[in-house]
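# An overview of the molecular structure
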Amino acid sequence: MTAPLTFLGIESSCDDTAAAVVRQGPEGAEILSSVVEGQVALHAAFGGVVPEIAARAHAERLDHCVEAALAQAGLGLADLDGIAVTAGPGLIGGVLSGVMLAKGLAAATGLPMVGVNHLAGHALTPRLTDAVAFPYLMLLVSGGHCQFLIAHDVEEFQRLGGTIDDAPGEAFDKTAKLLGLAQPGGPAVQAEAALGDARRFAFPRPLLDRAGCDMSFSGLKTALLRARDAVVAEKGGLTVQDRRDLCAGFQAAVADVLVEKSRRALEAYLALAPAVPVLAVAGGVAANVLIREKLIALCATLGVRFLAPPLALCTDNAAMIAWAGMERFQRGARDDAGLVARPRWPLDQTAAPMIGSGKKGAKA
(Lines give C-alpha, C1' and ligand atoms only; values in the text may rest on other atoms or scores of the structure.)
Protein backbone atom coordinates (compact mmCIF):
# COMPACT_ATOMS: atom_id res chain seq x y z
CA MET A 1 0.00 0.00 0.00
CA THR A 2 1.56 3.29 -1.11
CA ALA A 3 -1.00 5.79 0.20
CA PRO A 4 -2.75 5.76 3.59
CA LEU A 5 -6.46 5.02 3.81
CA THR A 6 -8.69 7.17 6.03
CA PHE A 7 -12.15 5.89 6.95
CA LEU A 8 -15.07 7.22 8.94
CA GLY A 9 -16.71 4.59 11.12
CA ILE A 10 -20.33 4.71 12.36
CA GLU A 11 -21.67 2.44 15.13
CA SER A 12 -25.23 2.34 16.52
CA SER A 13 -26.07 -1.32 17.14
CA CYS A 14 -27.23 -1.04 20.76
CA ASP A 15 -27.18 1.90 23.19
CA ASP A 16 -23.90 3.61 22.27
CA THR A 17 -23.89 6.19 19.49
CA ALA A 18 -20.38 6.35 18.06
CA ALA A 19 -18.29 7.77 15.24
CA ALA A 20 -14.54 7.58 14.64
CA VAL A 21 -11.87 8.31 12.07
CA VAL A 22 -9.11 5.76 11.55
CA ARG A 23 -6.13 5.96 9.23
CA GLN A 24 -4.11 3.01 7.99
CA GLY A 25 -0.71 3.61 6.51
CA PRO A 26 2.63 1.86 6.00
CA GLU A 27 3.46 2.31 9.69
CA GLY A 28 0.21 0.76 10.90
CA ALA A 29 -3.16 2.00 12.11
CA GLU A 30 -3.87 5.26 13.88
CA ILE A 31 -7.12 6.24 15.57
CA LEU A 32 -7.45 9.92 14.72
CA SER A 33 -10.64 10.34 16.72
CA SER A 34 -13.23 8.30 18.58
CA VAL A 35 -16.50 9.71 19.91
CA VAL A 36 -18.93 7.59 21.94
CA GLU A 37 -22.15 8.92 23.47
CA GLY A 38 -23.77 6.49 25.91
CA GLN A 39 -27.45 6.28 26.80
CA VAL A 40 -27.29 4.93 30.35
CA ALA A 41 -29.33 7.81 31.77
CA LEU A 42 -32.07 7.35 29.17
CA HIS A 43 -32.64 3.70 30.08
CA ALA A 44 -31.86 3.77 33.83
CA ALA A 45 -35.51 3.85 34.93
CA PHE A 46 -36.33 0.71 32.90
CA GLY A 47 -33.59 -1.64 34.14
CA GLY A 48 -32.34 -2.29 30.62
CA VAL A 49 -32.10 -0.94 27.09
CA VAL A 50 -35.44 0.07 25.53
CA PRO A 51 -35.04 -0.41 21.74
CA GLU A 52 -37.38 2.42 20.71
CA ILE A 53 -35.71 4.93 23.03
CA ALA A 54 -32.28 3.80 21.79
CA ALA A 55 -33.28 4.18 18.13
CA ARG A 56 -34.61 7.70 18.63
CA ALA A 57 -31.47 8.73 20.52
CA HIS A 58 -29.29 7.40 17.71
CA ALA A 59 -31.28 9.34 15.13
CA GLU A 60 -30.81 12.53 17.17
CA ARG A 61 -27.11 12.09 17.96
CA LEU A 62 -25.44 10.34 15.04
CA ASP A 63 -24.82 13.42 12.90
CA HIS A 64 -23.41 15.29 15.91
CA CYS A 65 -21.07 12.39 16.67
CA VAL A 66 -19.85 12.36 13.07
CA GLU A 67 -19.23 16.12 13.18
CA ALA A 68 -17.34 15.76 16.47
CA ALA A 69 -15.22 12.87 15.16
CA LEU A 70 -14.24 14.81 12.04
CA ALA A 71 -13.45 17.90 14.12
CA GLN A 72 -11.26 15.91 16.53
CA ALA A 73 -9.40 14.41 13.58
CA GLY A 74 -9.01 17.82 11.97
CA LEU A 75 -10.52 16.52 8.75
CA GLY A 76 -13.50 17.11 6.51
CA LEU A 77 -15.56 14.67 4.50
CA ALA A 78 -13.40 15.44 1.45
CA ASP A 79 -10.37 14.03 3.28
CA LEU A 80 -11.93 10.59 3.68
CA ASP A 81 -11.43 7.55 1.48
CA GLY A 82 -14.56 5.75 2.60
CA ILE A 83 -17.33 5.22 5.14
CA ALA A 84 -17.82 2.07 7.22
CA VAL A 85 -21.05 1.45 9.09
CA THR A 86 -22.41 -1.26 11.36
CA ALA A 87 -25.09 -3.05 9.32
CA GLY A 88 -25.90 -5.64 12.00
CA PRO A 89 -26.43 -7.56 14.18
CA GLY A 90 -28.16 -5.43 16.79
CA LEU A 91 -31.34 -3.59 17.71
CA ILE A 92 -32.82 -3.01 14.29
CA GLY A 93 -33.92 0.59 14.89
CA GLY A 94 -30.44 1.64 15.94
CA VAL A 95 -28.71 -0.27 13.14
CA LEU A 96 -31.09 1.29 10.61
CA SER A 97 -30.31 4.79 11.90
CA GLY A 98 -26.61 4.31 11.27
CA VAL A 99 -27.06 2.66 7.88
CA MET A 100 -29.33 5.45 6.64
CA LEU A 101 -26.86 8.12 7.74
CA ALA A 102 -24.02 6.31 5.98
CA LYS A 103 -26.09 6.01 2.81
CA GLY A 104 -26.85 9.71 2.90
CA LEU A 105 -23.22 10.66 3.39
CA ALA A 106 -22.07 8.29 0.64
CA ALA A 107 -24.68 9.65 -1.77
CA ALA A 108 -23.77 13.27 -1.00
CA THR A 109 -19.99 12.83 -1.21
CA GLY A 110 -19.54 9.99 -3.66
CA LEU A 111 -17.42 8.13 -1.10
CA PRO A 112 -17.50 4.31 -1.13
CA MET A 113 -19.49 2.69 1.67
CA VAL A 114 -18.81 -0.64 3.37
CA GLY A 115 -21.27 -2.41 5.66
CA VAL A 116 -19.64 -4.11 8.65
CA ASN A 117 -20.74 -6.95 10.90
CA HIS A 118 -20.60 -5.54 14.44
CA LEU A 119 -19.11 -8.79 15.73
CA ALA A 120 -16.40 -8.65 13.05
CA GLY A 121 -15.53 -5.21 14.36
CA HIS A 122 -14.84 -6.71 17.79
CA ALA A 123 -13.13 -9.76 16.31
CA LEU A 124 -10.74 -7.69 14.17
CA THR A 125 -9.82 -5.20 16.91
CA PRO A 126 -6.58 -7.10 17.76
CA ARG A 127 -5.40 -6.31 14.23
CA LEU A 128 -6.18 -2.63 14.77
CA THR A 129 -4.37 -2.37 18.09
CA ASP A 130 -1.57 -4.95 17.76
CA ALA A 131 -1.40 -5.99 14.09
CA VAL A 132 -2.04 -9.60 15.11
CA ALA A 133 -1.56 -12.12 12.32
CA PHE A 134 -4.15 -14.75 11.36
CA PRO A 135 -5.14 -17.19 12.71
CA TYR A 136 -5.91 -16.18 16.29
CA LEU A 137 -8.54 -17.24 18.82
CA MET A 138 -11.12 -14.61 19.78
CA LEU A 139 -13.39 -14.67 22.82
CA LEU A 140 -16.25 -12.21 22.38
CA VAL A 141 -17.78 -11.78 25.82
CA SER A 142 -20.27 -8.96 26.34
CA GLY A 143 -23.83 -8.14 27.32
CA GLY A 144 -25.33 -9.46 24.11
CA HIS A 145 -22.84 -11.99 22.75
CA CYS A 146 -20.50 -14.71 23.92
CA GLN A 147 -18.68 -16.99 21.51
CA PHE A 148 -15.29 -18.46 20.67
CA LEU A 149 -14.10 -17.71 17.14
CA ILE A 150 -10.98 -18.65 15.25
CA ALA A 151 -10.24 -15.69 12.99
CA HIS A 152 -8.74 -17.18 9.84
CA ASP A 153 -9.10 -14.06 7.70
CA VAL A 154 -11.01 -10.79 7.49
CA GLU A 155 -14.19 -12.56 6.45
CA GLU A 156 -13.48 -16.11 7.55
CA PHE A 157 -14.42 -16.97 11.12
CA GLN A 158 -14.88 -20.42 12.64
CA ARG A 159 -17.18 -20.59 15.64
CA LEU A 160 -16.11 -23.18 18.19
CA GLY A 161 -18.96 -22.53 20.60
CA GLY A 162 -21.04 -19.90 22.30
CA THR A 163 -23.79 -19.27 24.80
CA ILE A 164 -27.07 -21.05 24.22
CA ASP A 165 -29.03 -18.53 26.33
CA ASP A 166 -27.98 -15.45 28.31
CA ALA A 167 -24.60 -13.93 27.50
CA PRO A 168 -22.36 -13.34 30.56
CA GLY A 169 -22.85 -9.57 30.50
CA GLU A 170 -26.60 -10.06 30.36
CA ALA A 171 -26.34 -12.42 33.37
CA PHE A 172 -24.28 -9.82 35.26
CA ASP A 173 -26.92 -7.17 34.51
CA LYS A 174 -29.75 -9.42 35.68
CA THR A 175 -27.83 -10.36 38.81
CA ALA A 176 -27.31 -6.70 39.64
CA LYS A 177 -31.03 -6.08 39.15
CA LEU A 178 -31.95 -9.01 41.43
CA LEU A 179 -29.69 -7.62 44.15
CA GLY A 180 -30.71 -3.99 43.79
CA LEU A 181 -27.40 -2.82 42.33
CA ALA A 182 -26.85 -0.13 39.73
CA GLN A 183 -26.69 -0.71 35.98
CA PRO A 184 -24.63 -1.62 34.06
CA GLY A 185 -24.33 -4.65 36.26
CA GLY A 186 -20.80 -5.86 35.53
CA PRO A 187 -18.87 -3.14 37.41
CA ALA A 188 -21.41 -3.10 40.25
CA VAL A 189 -21.26 -6.88 40.80
CA GLN A 190 -17.46 -6.87 40.59
CA ALA A 191 -17.18 -4.13 43.22
CA GLU A 192 -19.42 -6.06 45.62
CA ALA A 193 -17.70 -9.38 44.89
CA ALA A 194 -14.31 -7.93 45.83
CA LEU A 195 -15.53 -7.76 49.44
CA GLY A 196 -17.39 -11.09 49.47
CA ASP A 197 -16.76 -14.77 50.17
CA ALA A 198 -17.01 -16.76 46.93
CA ARG A 199 -17.17 -20.08 48.84
CA ARG A 200 -20.29 -19.35 50.88
CA PHE A 201 -22.85 -20.24 48.19
CA ALA A 202 -22.52 -23.38 46.07
CA PHE A 203 -23.43 -22.12 42.60
CA PRO A 204 -23.42 -24.50 39.61
CA ARG A 205 -20.94 -24.38 36.73
CA PRO A 206 -23.34 -25.00 33.83
CA LEU A 207 -22.35 -27.29 30.92
CA LEU A 208 -18.93 -28.17 32.30
CA ASP A 209 -20.10 -31.79 32.23
CA ARG A 210 -20.82 -31.49 28.50
CA ALA A 211 -18.10 -31.71 25.84
CA GLY A 212 -17.40 -28.75 23.62
CA CYS A 213 -17.26 -24.98 24.03
CA ASP A 214 -20.94 -24.08 24.35
CA MET A 215 -21.96 -22.17 27.48
CA SER A 216 -25.10 -21.41 29.48
CA PHE A 217 -25.59 -18.70 32.09
CA SER A 218 -29.37 -18.54 32.48
CA GLY A 219 -29.45 -21.36 35.05
CA LEU A 220 -26.69 -19.70 37.03
CA LYS A 221 -28.79 -16.55 37.27
CA THR A 222 -31.74 -18.65 38.46
CA ALA A 223 -29.55 -20.32 41.08
CA LEU A 224 -28.58 -16.89 42.40
CA LEU A 225 -32.25 -15.89 42.57
CA ARG A 226 -33.05 -18.97 44.64
CA ALA A 227 -30.07 -18.42 46.93
CA ARG A 228 -31.16 -14.83 47.47
CA ASP A 229 -34.72 -15.86 48.24
CA ALA A 230 -33.52 -18.51 50.69
CA VAL A 231 -31.50 -15.91 52.61
CA VAL A 232 -34.44 -13.49 52.60
CA ALA A 233 -36.78 -16.22 53.88
CA GLU A 234 -34.35 -17.10 56.67
CA LYS A 235 -33.38 -13.58 57.76
CA GLY A 236 -36.22 -11.42 56.49
CA GLY A 237 -33.87 -9.55 54.16
CA LEU A 238 -30.34 -9.28 52.81
CA THR A 239 -27.44 -7.80 54.72
CA VAL A 240 -24.65 -5.99 52.90
CA GLN A 241 -22.40 -9.00 53.44
CA ASP A 242 -25.03 -11.39 52.08
CA ARG A 243 -25.14 -9.37 48.87
CA ARG A 244 -21.35 -9.29 48.62
CA ASP A 245 -21.11 -13.06 49.11
CA LEU A 246 -23.80 -13.68 46.47
CA CYS A 247 -21.92 -11.49 44.00
CA ALA A 248 -18.61 -13.19 44.76
CA GLY A 249 -20.07 -16.65 44.29
CA PHE A 250 -21.79 -15.70 41.05
CA GLN A 251 -18.68 -14.03 39.61
CA ALA A 252 -16.49 -17.01 40.52
CA ALA A 253 -18.90 -19.38 38.77
CA VAL A 254 -18.89 -17.30 35.58
CA ALA A 255 -15.09 -17.10 35.65
CA ASP A 256 -14.71 -20.86 36.13
CA VAL A 257 -17.00 -21.59 33.18
CA LEU A 258 -15.25 -19.12 30.88
CA VAL A 259 -11.80 -20.40 31.81
CA GLU A 260 -12.62 -24.08 31.30
CA LYS A 261 -14.39 -23.40 28.00
CA SER A 262 -11.43 -21.23 26.95
CA ARG A 263 -9.11 -24.16 27.70
CA ARG A 264 -11.13 -26.37 25.38
CA ALA A 265 -11.26 -23.71 22.65
CA LEU A 266 -7.49 -23.22 22.92
CA GLU A 267 -6.93 -26.95 22.46
CA ALA A 268 -8.85 -26.84 19.17
CA TYR A 269 -7.06 -23.67 18.08
CA LEU A 270 -3.56 -24.90 18.98
CA ALA A 271 -4.17 -27.98 16.83
CA LEU A 272 -3.78 -25.60 13.86
CA ALA A 273 -0.17 -24.98 14.99
CA PRO A 274 -0.25 -21.17 14.65
CA ALA A 275 3.20 -19.58 14.48
CA VAL A 276 2.42 -17.17 17.31
CA PRO A 277 -0.67 -18.39 19.21
CA VAL A 278 -2.90 -15.62 20.53
CA LEU A 279 -6.07 -15.54 22.64
CA ALA A 280 -7.73 -12.15 22.25
CA VAL A 281 -10.66 -11.04 24.38
CA ALA A 282 -13.13 -8.25 23.64
CA GLY A 283 -16.43 -7.09 25.08
CA GLY A 284 -17.36 -5.35 28.30
CA VAL A 285 -16.96 -8.49 30.43
CA ALA A 286 -13.29 -8.58 29.38
CA ALA A 287 -12.81 -5.74 31.87
CA ASN A 288 -13.69 -8.01 34.81
CA VAL A 289 -10.52 -8.32 36.89
CA LEU A 290 -11.09 -11.89 38.12
CA ILE A 291 -11.97 -13.25 34.68
CA ARG A 292 -9.01 -11.49 33.09
CA GLU A 293 -6.57 -12.77 35.73
CA LYS A 294 -7.74 -16.35 35.29
CA LEU A 295 -7.50 -16.16 31.49
CA ILE A 296 -4.01 -14.65 31.71
CA ALA A 297 -2.93 -17.53 33.98
CA LEU A 298 -4.43 -20.07 31.58
CA CYS A 299 -2.60 -18.57 28.60
CA ALA A 300 0.68 -18.51 30.53
CA THR A 301 0.28 -22.22 31.28
CA LEU A 302 -0.29 -23.06 27.61
CA GLY A 303 2.31 -20.71 26.13
CA VAL A 304 -0.29 -18.52 24.45
CA ARG A 305 -0.17 -14.73 24.21
CA PHE A 306 -3.12 -13.10 25.97
CA LEU A 307 -4.37 -9.90 24.38
CA ALA A 308 -7.13 -7.58 25.55
CA PRO A 309 -7.50 -4.26 23.73
CA PRO A 310 -7.84 -1.06 25.80
CA LEU A 311 -11.22 -0.96 27.52
CA ALA A 312 -12.45 1.83 25.26
CA LEU A 313 -11.98 -0.55 22.32
CA CYS A 314 -13.42 -3.60 24.12
CA THR A 315 -16.85 -2.03 24.44
CA ASP A 316 -18.89 -0.73 21.50
CA ASN A 317 -17.06 1.92 19.50
CA ALA A 318 -16.77 3.15 15.92
CA ALA A 319 -12.98 2.85 15.56
CA MET A 320 -13.32 -0.93 15.27
CA ILE A 321 -16.01 -0.46 12.61
CA ALA A 322 -13.81 1.91 10.59
CA TRP A 323 -10.94 -0.58 10.80
CA ALA A 324 -13.07 -3.59 9.82
CA GLY A 325 -14.50 -1.54 6.94
CA MET A 326 -10.99 -0.75 5.69
CA GLU A 327 -9.99 -4.39 5.91
CA ARG A 328 -13.02 -5.38 3.84
CA PHE A 329 -12.46 -2.47 1.43
CA GLN A 330 -8.92 -3.62 0.72
CA ARG A 331 -10.35 -7.00 -0.30
CA GLY A 332 -12.73 -5.38 -2.76
CA ALA A 333 -15.87 -5.05 -0.64
CA ARG A 334 -18.27 -2.24 -1.61
CA ASP A 335 -21.90 -1.63 -0.69
CA ASP A 336 -24.49 0.56 -2.35
CA ALA A 337 -27.91 1.99 -1.52
CA GLY A 338 -29.23 -1.56 -1.27
CA LEU A 339 -27.31 -2.19 1.98
CA VAL A 340 -29.75 -3.78 4.46
CA ALA A 341 -29.81 -3.39 8.25
CA ARG A 342 -29.80 -6.87 9.82
CA PRO A 343 -30.90 -7.75 13.37
CA ARG A 344 -29.15 -11.15 13.11
CA TRP A 345 -25.90 -11.79 11.25
CA PRO A 346 -23.73 -14.78 12.20
CA LEU A 347 -20.00 -14.45 11.58
CA ASP A 348 -19.59 -18.15 10.84
CA GLN A 349 -21.90 -18.71 7.89
CA THR A 350 -21.33 -22.48 7.88
CA ALA A 351 -21.95 -23.32 11.55
CA ALA A 352 -25.35 -24.58 12.66
CA PRO A 353 -27.49 -21.99 14.49
CA MET A 354 -27.00 -21.92 18.24
CA ILE A 355 -29.72 -23.83 20.07
CA GLY A 356 -31.86 -21.99 22.57
CA SER A 357 -32.28 -18.26 23.02
CA GLY A 358 -32.32 -15.75 25.79
CA LYS A 359 -34.64 -12.82 26.35
CA LYS A 360 -32.94 -10.95 23.51
CA GLY A 361 -33.27 -13.84 21.07
CA ALA A 362 -30.77 -16.27 19.61
CA LYS A 363 -27.30 -14.84 20.13
CA ALA A 364 -25.91 -16.29 16.90
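For the structure itself, look to the data block above.
Below you will find a few notes about this structure.

What follows concerns the sheet that holds strand 1 (residues 5-11). Within the open sheet, the five strands sit side by side as 3-2-1-4-5. Their pairing is mixed. Of all the strands in the sheet, just strand 3 (28-38) and strand 5 (113-117) have a single pairing partner and so form its edges. With direction set aside, neighbouring strand axes in the sheet form an average angle of 20°. Judged from the four bridges that link them, strand 1 and strand 4 (residues 82-88) form a sheet pairing that is parallel. Pairing of Gly-9 across the sheet is with Ala-84, part of strand 4. In this fold helix 2 (residues 51-73) packs onto strand 1, strand 2 (16-25) and strand 3, with an angle of close to 30° to the strand it touches most, strand 2. Across the sheet, helix 3 (residues 92-109) is in contact with strand 1, strand 4 and strand 5; its angle to strand 4 comes to roughly 155°.

In this fold, Ala-300 is placed in helix 10 (residues 289-302). You can call Ala-300 exposed: its relative accessible area is 61%. With 41 residues separating them in the primary sequence, Ala-300 and Ala-341 have C-alpha atoms 41 Å apart.

Before going further, it helps to spend a moment on helix 12 (residues 319-330). For helix 12, with 12 residues, the first-to-last C-alpha span of 17 Å sits near the 16 Å given by 1.5 Å per residue. Burial runs high along helix 12: 11 of the 12 residues are buried. Along helix 12, the positions that sit buried rather than exposed are Ala-319, Met-320, Ile-321, Ala-322, Trp-323, Ala-324, Gly-325, Met-326, Glu-327, Arg-328 and Phe-329. Immediately downstream of helix 12, the backbone of Gly-332 shows phi near 95°, a positive value.

At a closest axis distance of 7 Å, the pairing of helix 7 (residues 185-193) and helix 9 (residues 240-270) adopts a crossing angle of 110°. In terms of orientation, helix 7 lies roughly perpendicular with respect to helix 9. Where helix 7 crosses over helix 9, the two elements pack in a sense that is left-handed. For the pair helix 7 and helix 9, the contacting residues are Val-189, Gln-190, Glu-192 and Ala-193 in the first and Val-240, Arg-243, Arg-244, Cys-247, Ala-248, Phe-250 and Gln-251 in the second.

Bringing unusual backbone geometry into the picture now. The step from Phe-134 to Pro-135 runs through a cis peptide bond, and the omega angle for that step is -10°. Mapping Pro-135 onto the fold places it in the loop between helix 5 (125-130) and strand 6 (136-141). For Ala-131, which is not glycine, the phi dihedral falls at a positive 50°. Note that Ala-131 resides in the loop between helix 5 and strand 6. A relative accessible area of 64% means that Ala-131 is categorised as exposed. If you check the backbone angles, Ala-273 has positive phi at about 55° while not being a glycine. As for its position among the elements, Ala-273 is in the loop between helix 9 and strand 9 (278-282). Look at Ala-273 and you get exposed, because its relative accessible area is 61%.

About the cut-offs
- Residues numbered from 1 in each chain as written.
- Predicted model: local features only at pLDDT ≥ 70, side-chain atom pairs only at ≥ 80, totals over all residues.
- Heavy atoms only, no water.
- Pairing = 2+ DSSP bridges.
- Helix = DSSP H or I, 4+ residues; strand = E, 2+ residues; numbered from the N terminus.
- Axes fitted to C-alpha atoms, helices over the stretch in contact; angles between N-to-C directions.
- Contact = heavy atoms within 4.5 Å.
- Buried < 20%, exposed > 50% of the residue type's maximum accessible area, 1.4 Å probe, protein only.
- Expected span 1.5 Å × (residues − 1).
- Parallel < 35°, antiparallel > 145°, perpendicular 65-115°, else oblique.
- Left-handed = near helix turned anticlockwise from the far one by under 90°.

Function-wise, these values are silent; they only describe arrangement.
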